[in-house]
Amino acid sequence: MNKNANSHEHRLALSEVLALMVADGLVEPALAEALKNERRLHGGRIHPLIVIADQKWRAPKLPQRLLTLEVLTEWLAGCSGLDYLHIDPLKIDFTGVADVMSSAYAARFGILPVQVTTREIVIATAEPFVREWEDELKPILRKEIRRVMANPDDISRYLVEFFALAKSVKKAAAKGEITSGLSSFEQLVELGKGNKQFDANDQHIVHIVDWLWQYAFDQRASDIHIEPRRDIGIVRFRIDGVLHQVYQIPMTVMNAMTSRIKLLGRMDVIEKRRPQDGRVKTRTPSGQEVELRLSTLPTAFGEKLVMRIFDPEVLVRDFRSLGFSEDDQTRWKQMTASPNGIILVTGPTGSGKTTTLYTTLKQLATPEVNVCTIEDPIEMVEGAFNQMQVQHSIDLGFADGVRALMRQDPDIVMIGEIRDLETAEMAIQAALTGHLVLSTLHTNDAPSAITRLLDLGVPPYLINSTLLGVMAQRLVRTLCPHCKKPMPTTEDQRAAWRSLVAPWKSGEPAQIWEPVGCLECRMTGYIGRVGIYEILLNSPEVRRMIKPAMEVAKLREQAYREGMRPLRISGALKVAQGATSLEEIIKVAPPADDI
């Protein structure tokens, strides 16, 4: 319902908003009157929507949703005839919007430019009936102005941050045009301009790096990519396994940011010709400690930097939250309860192998046992383990590390990855001498891990006597609980389900859900990820099949008979539980071979 009758120039009043809410049936008249009387005593200028949102009221009408600030803002936008906009800082070109007006002018009217095109400028406001600024800006900007309604809290916050960040970028860029050194294969030298090197400790650069990290933490990013291009630097975040481009930054500023981060990671700032690794420990805005693993790579246009963000909450998660089913937990605990032997976790990079191993080690690391690890590099520092890092510069590899660890009286040894025969032999030696060894391999499924060991040159009799089992895993995105919706049951959907679970004659689930997209999930339809698992136990029957010319298909068939559930079936169970979508499982899990 449009209430443009109230469209004369004025700021919103609490009584006006409450009257509109009563008229629309969003609140009982008695509650509205009580709040109006209470606020009359307090005074002060707080936006009416913030005051109402603080009451945590629920709409009397079904579905009786909570009247949050976002819900109220969207409702008021409809009442005042404006489009509603949720401000996503990752989609705003802050340097462009800051050129539209000064920060003082924006603060005076409580407005925020959010998009600039060749034809129009989009400006967010929380005061739909204040239009004085529009008449002042039109002749100056010479573009159409489109007003949108946004959350007053967001406008206040980003009004400060966008202008401050834009100022930092501009001032940093103004300090020099071109950085010196072998930063790009297409280095352009402009005559008459000094090749000034940025100061990585410049306050503007410090501010930009801090802001970048803060937003990466806010957006649940797992990786930050800072990538040089020919004319501009690109910043991308990996969120729930998918890369999103979020910023474009002048190359000169990007080079200074890279230097600043390398400095914090105790890396060689001058060296840009070879890859380097480092790490930084910092805190989120909420005070939680977070570790970032840094990696640089020289590229044609300069130094590319990737920061992997490690969530310390991983170390306190249980197997159920990782996605283990009851059967998975039983089979996994059967392996990890053994006093000696080798357990392998397989899967591609980014499939959650390290998280599974850390969670397992954390539960096994009681005061009575000595847990030692050799990693490349140490991903998360944990006080309950004795962690050693591979140092290739001094010829300390995995095999040498395991050899050294064996003299440290360990009970449990974790080897970051078995890459060659020497490391595999040391792992087997450790298992034969009474130690529990956990490690990773890169294979598509669990049975293929055994053929990989045979390919490396490990004799079958040693695999038989030491291997406890193999677990393959993948990570799938989980559906957003706020917006997922049931899929209509169609023949295409039934065919997709049959192809997913074939040749297991599994009945169709009662309901399959699909992603939609909302503010909570940044319009992706998914929030977070969960694991799907395939666990192969090295039973007596499986041992008899491990031979130099072993047929992996027959081994897989025997494992299925003994209860191993392939990755696609593990994923299908997640679909049936409403945790993820059919498309996600088909995309992530490899096809199960026919049995």
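Before reading further, recall that the structure is shown in the block above.
On a predicted model such as this, the values are computed, not experimentally measured, just so you know.

K.L.:
Looking at this structure, I do not really get the packing of aromatic side chains. What am I missing?
P.N.:
Given two aromatic rings, their pairing is described by the distance between the two centres and the angle made by the two planes. Considering all chains together, one arrives at 10 aromatic pairs under this definition. Both rings, one in Tyr158 and one in Phe162, keep their centres 5.2 Å apart while their planes meet at 15°; by these two values the pair is stacked. Taken together, the positions of Tyr158 and Phe162, both in helix α8 (residues 152-174) and 4 residues apart, correspond to about one turn of that helix. You can call Tyr158 buried: its relative accessible area is 5%. In this structure Phe162 comes out as buried when scored by relative accessible area, which is 1%. A connected cluster of aromatic rings, assembled from ring pairs, spans Tyr158, Phe162, Trp211, Tyr215, Phe237 and Tyr247. Its end group placed over the ring of Trp513, Lys484 keeps NZ or CZ at 5.0 Å from the ring centre.

K.L.:
I would appreciate a short explanation of the layout of surface pockets in the present structure.
P.N.:
In this approach, a probe sized like a water molecule rolls over the atoms, and the result shows the empty space that is left. Approximately 1,100 Å³ is the volume found for the second largest pocket. Taken together, 36 residues form the lining of the second largest pocket, with Glu70, Tyr84, His86, Leu519 and Glu520 sitting closest to its centre. Considering only residue class, the lining of the second largest pocket consists of 16 nonpolar, 6 polar and 14 charged.

K.L.:
Teacher, can you tell me more about the packing of α8 against helix α9 (residues 203-218) here?
P.N.:
Between two packed helices, both the angle of their axes relative to each other and the distance between the axes serve to describe the pair. Running from N to C, α8 and α9 cross one another at 135°; their axes reach a closest spacing of 9 Å. Classified by the angle their axes make, α8 and α9 are oblique. For the pair α8 and α9, the sense of crossing is left-handed. From α8, Arg157, Tyr158, Glu161, Phe162, Ala164, Leu165, Ser168, Val169, Lys171 and Ala172 reach across to α9, where they touch His204, Ile205, His207, Ile208, Trp211, Gln214, Tyr215 and Asp218. Residues belonging to the contact of α8 with α9 are distributed by class as follows: 10 nonpolar, 4 polar and 4 charged.

Conventions and cut-offs
Residues numbered from 1 in each chain as written. Predicted model: local features only at pLDDT ≥ 70, side-chain atom pairs only at ≥ 80, totals over all residues. Heavy atoms only, no water. Phe/Tyr/Trp six-rings, centres within 6.5 Å; stacked < 30°, edge-to-face > 60°. Helix = DSSP H or I, 4+ residues; strand = E, 2+ residues; numbered from the N terminus. Buried < 20%, exposed > 50% of the residue type's maximum accessible area, 1.4 Å probe, protein only. Lys NZ or Arg CZ within 6 Å of the ring centre and 35° of its normal. 1 Å grid on protein atoms, 1.4 Å probe; cavity = no way out; pocket = protein on both sides within 12 Å on 5 of 7 lines; lining within 4 Å. Points joined across faces, edges and corners; volume = space filled by probe spheres on them. Nonpolar A, V, L, I, M, F, W, Y, C, P; charged D, E, K, R; others polar. Axes fitted to C-alpha atoms, helices over the stretch in contact; angles between N-to-C directions. Parallel < 35°, antiparallel > 145°, perpendicular 65-115°, else oblique. Left-handed = near helix turned anticlockwise from the far one by under 90°. Contact = heavy atoms within 4.5 Å.

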